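# Survey of secondary and tertiary structure
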Amino acid sequence: LFHESALYRCFAAQTHPHTELVVVDTGPTPSAFFSSAEFEDRRVKYIHQVGHMTIGEKRNVAIAAASGDFICHFDDDDLYAPSYLATMLAALDDARADFVKLSAWFVHDLQTG
């Protein structure tokens, strides 16, 4: 299941000022959310390609379409805090590292709290 509005809300809420979202969708039909006439966000590149692609192939398509200096993967079925990108970029800079990754994540059950 593709959770495009939640994905976009997490992206749009990021506090880091320079962001771009590249969405690679391989579903049978284009996303009604991202391809609607009402959707306007110049920071979003939506790519619809029918047919099976591995996650690696989708990531390669997204990387090729990206214009930024850094790549960050967002899953469409996860939620990200507004400071997620800023925190990850600060960790990258502080450690003078080539890459960073999450070391933990939290699960929130909406039924049990």
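Placed above this text is the structure.
Residues numbered from 1 in each chain as written. Predicted model: local features only at pLDDT ≥ 70, side-chain atom pairs only at ≥ 80, totals over all residues. Heavy atoms only, no water.

## A short note on the overall build of the protein
Where we set the bar: Numbering goes from the N terminus for both helices and strands, where a helix is a DSSP run of H or I of at least four residues and a strand is a run of E of at least two. To sort residues, take the accessible area from a 1.4 Å probe on protein chains only and compare it with the maximum for the residue type: under 20% means buried, over 50% means exposed, and anything in between is partly exposed. Whether two residues touch is decided by their heavy atoms; if any such pair falls within 4.5 Å, the residues are in contact. Only the protein chains shown count as cover for residues, and all accessible areas are computed by the Shrake-Rupley method using a 1.4 Å probe. Residues scored as positive are Lys and Arg, those scored as negative are Asp and Glu, and His as well as the terminal groups of each chain are ignored. By convention, the point assigned to a charge is CZ for Arg, NZ for Lys, CD for Glu and CG for Asp.
Helix and strand counts for the protein come out as three helices and two strands. Beginning at the N terminus, the succession of helices and strands in the protein can be written as α-β-β-α-α. In the protein, which comprises 113 residues, the share counted as buried stands at 26%. Taking the contacts inside the protein whose residues are at least 6 apart along the sequence as the reference set, 52% of them involve residues at least 24 apart. A total of about 8500 Å² of accessible surface is found on the protein, and carbon and sulfur atoms cover 55% of it. For the protein, the distance from the average position of its 8 positive side-chain charges to the average position of its 16 negative side-chain charges is 4 Å.

## Structural notes on the environment of Ala62
Its location among the elements puts Ala62 in helix 2 (residues 55–65). Since its relative accessible area comes to 18%, Ala62 is described here as buried. For Ala62 and Lys45, which are 17 residues apart along the polypeptide, the C-alpha to C-alpha distance reads 9.0 Å. Filtering out sequence-adjacent residues up to four positions away, Ala62 remains in contact with Val22 and Val24.

## Observations regarding a nonpolar patch on the surface
As a reminder of what qualifies: Patch membership requires more than 30% relative accessible area and the absence of a salt bridge. Residues of like charge join within 9 Å; the nonpolar side chains Val, Leu, Ile, Met, Phe, Trp and Tyr join within 5 Å. Salt bridge, as used here: a side-chain nitrogen of Lys or Arg that lies within 4 Å of a carboxyl oxygen of Asp or Glu.
Taken together, the side chains of Leu102, Trp105 and Val107 define a hydrophobic patch exposed on the protein surface, amounting to about 400 Å² of accessible area. Take Val107: it is sitting in the segment after helix 3 (84–95). Exposure remark for Val107: the relative accessible area of 77% places this residue in the exposed category.

## Some points on helix 3
How we decide: Expected helix span is given by 1.5 Å per residue-to-residue step, counting one fewer step than there are residues. Here the arc refers to the set of directions running from the helix axis out to each C-beta atom.
Under the 1.5 Å per step criterion, the end-to-end length of helix 3 is 17 Å for twelve residues, consistent within 8% with the ideal 16 Å. Of all the positions in helix 3, only Tyr84, Leu85, Met88 and Leu92 are classed as buried. Taken end-on, helix 3 shows its buried residues confined to a sector of 95°, consistent with a single buried face. Exposed residues pointing more than 90 degrees away from the buried face of helix 3 are listed as Asp93 and Asp94. Once helix 3 ends, the next one or two residues include Arg96, with phi positive near 50°.

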